[in-house]
Every structure is written in structure tokens, then in C-alpha cells.
Amino acid sequence: MLIRDALLVALVALAMLFIVRWRAAASSAGVDSASRHAQRPSLLQIAIGFVTDFFDTLGIGSFATTTTVYKLLHVVPDEEMVGTLLVGHSLPVVVQAFIFLAVVHVDPSVLASLIAASVLGSWLGAGVASRLPRRPIQITMGIGLFAAAFFMLASQLGLLPGAGTSLTLTPGKLIFALVVNFILGALLMLGIGNYAPSMILFSLFGMDPRAAFPIMMSSGAMMAMAGGIRFMNAGRFNTRAALGLTLGGIPAVLVAGLLIRSLPLSVLRWVILLVVIYAAAMMLRSARAERRVALLNRGLLPAEPIA
């Protein structure tokens, strides 16, 4: 109980720091120019936050779906997408963490250690990701979307490991899980969500799937805030779109977490799967076009003849 209470206090403290830092970053952008960063989010951006965080709370995930919508509707430039996802989804995931910490019991020492490993990986990973140029981001996000689609397909076809009943991990399994969570924390900073691989890991170890939710949501909230602050420092996020995710996401989490008990999600998952595959292909296509432009600018490709 003491460890869980300490985690709740840490979440609140980090969330307050995150909000203060975000306000400072937004104010700085507004002083520098009257650009889109200083504007209020549109209804579309708020709606994206509501829909993606609603289904994130129900276990579909938010990174792949938000990336897909952003790519299809050209809401955010590719190089700002990861930072926008991290900043915008952070506070809704904090609310998710509070809900699942309150209603799902899991070994507190396992919970705390896995969260710490994830946050460390995200902090170190964000330092690299926040300085990457556009093309590596496009490639990693495209690969990440294809990976998410693979896990969605495996889940739909019943190919993932079956559920267990354990609420803790043996020391050997815990050490392995710590290493994996560190890596997942770093990959999250490249826009690759941690929900699907986390669920597979915990299922392989025989844990109750419900126990995975407080671990994923708590670590996800802290990872996103820690990484998001580094993206704020680098100026690699869209304040307007991120605010839309937050304003739409928080009420969506409350509705999904407190009012919804079950939904027929199978058909919806198939639709999302197809759309995510399309977005992944578009992201890699953009990376290919980016490479071609770079080669043309360096004179390494012949210019296309004018018709």
C-alpha cells in the first residue's frame, strides 16, 4: 500500500511539473510568433484526443491510432509527431493510471521497479529522438505502425499467449521484464507504443492480463511525461494539436474507465488494423520521398524532365 501511495504521489508531482513546463513552452512559442502553436486546438484535434484515448483505455492503444489519423489528415508534420503524441497523451494516461491503480491489485514492488526501468529508458531515448531529423522518424514510426498492426492481427486471430492468473513475477522473470521495459521506454520515444509488447510479455510470464494495466498505464504516464519534457525543451512538438489530445482525452478516459464495462470491439479492431497498415505504408512512402529529395538536392539523382 505504501509503494502504491508513493507512486500516486509521484504521478501527481510529475504531472504538476509537466503542466508548469508545458505552460512555459506554450507561452514562449506565443511570444515568439503568432503561429499555430499559440492557437487554441480545433474541434477536430479535440475529437482525435477523445476517440484515441477512449479506445486506449479499453486496450486498443493510442499511439498507432493517433499517428494514423494525423498522417491521413495531415494534422501534424512528421518531425513533430512523436513529441505531440507524448505531450498530448501524457495527462490522459495519468488519469488512466489512477483508475487502474485504484481498481487492480498487483505486486507493488514489481510495479515500482518496472515503472522505474521504463522511465529511465524513455528519458535516455528522448534525448536521442528529440534531435533526429525527419526521415529517421518517418522510418521508425512506419516500422512501429507495421509492428502494431502485426500484434493487432495476432490478437484478432487468437495467436497471442493465453491469460495467466499471477499478480507478481519471480526474480528471474522480473530481471528480464526490467530489461524489456527499459527498451520499450526508449522505443516509445520513437513513436512505437508499448501496449502490445507489454501484454505479450506479461502473458508469457503467466500474469493476469488485468495486472498489466496498472503497470502499463503508470509506466506509460511517467515515460510520456519524462520524454515529453525533453521534446518540449527541443521544441519538437505541436502545442495546439497536443492540447487537443489532452482536452479530448481526459474526459474520454473517465467515460471509458468509469462508465463502460464492455463493448463489441472486434469489428472495430479489424477496421483500425487496416487503417494502421495504410498509415504505415504512407509513412514509409514519405521517408522514401524524403530520401529522393535529399539526393536530388545533392545532385546525386538526375532531375525529372518537365513534361
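Everything below is about the structure printed above this text.
Keep in mind it's a predicted model, so treat the numbers as computed, not measured.

### Describing the overall build of the protein
Part 1 of the argument: Across its full length, the protein carries 11 helices and zero strands.
Part 2 of the argument: Within the protein, counting contacts between residues at least 6 apart in sequence, those at least 24 apart form 87% of the total.

### Side note on empty space enclosed by the protein
Part 1 of the argument: Applying the stated criterion across every chain yields a total of one cavity of 30 Å³ or more.
Part 2 of the argument: Its volume calculated, the largest cavity comes out at about 40 Å³.
Part 3 of the argument: What lines the largest cavity is S118, N181, L184, G185, N194, S198, F202, I215, S219 and M223.
Part 4 of the argument: Every element with two or more residues in the lining of the largest cavity is listed here: α7 (171–188), α8 (195–204) and α9 (209–234).
Part 5 of the argument: Tallied by class, the residues present in the lining of the largest cavity amount to four nonpolar, six polar and no charged.

### Some words on the packing of helix α3 (residues 63–73) against helix α4 (residues 78–103)
Part 1 of the argument: Running from amino to carboxyl end, α3 crosses α4 at an angle of 135 degrees, the nearest separation of the two axes being 11 Å. Classed by the angle they form, the pair α3 and α4 counts as oblique. In terms of crossing hand, the pair formed by α3 and α4 is right-handed. For the pair formed by α3 and α4, the contact residues are F63, T66, T67, Y70 and K71 on the first element and D78, M81, T84, L85, L86 and H89 on the second.
Part 2 of the argument: Split into classes, the residues belonging to the contact of α3 with α4 amount to five nonpolar, four polar and two charged.

Quick notes on the rules
Residues numbered from 1 in each chain as written. Predicted model: local features only at pLDDT ≥ 70, side-chain atom pairs only at ≥ 80, totals over all residues. Heavy atoms only, no water. Helix = DSSP H or I, 4+ residues; strand = E, 2+ residues; numbered from the N terminus. Contact = heavy atoms within 4.5 Å. 1 Å grid on protein atoms, 1.4 Å probe; cavity = no way out; pocket = protein on both sides within 12 Å on 5 of 7 lines; lining within 4 Å. Points joined across faces, edges and corners; volume = space filled by probe spheres on them. Nonpolar A, V, L, I, M, F, W, Y, C, P; charged D, E, K, R; others polar. Axes fitted to C-alpha atoms, helices over the stretch in contact; angles between N-to-C directions. Parallel < 35°, antiparallel > 145°, perpendicular 65-115°, else oblique. Left-handed = near helix turned anticlockwise from the far one by under 90°.

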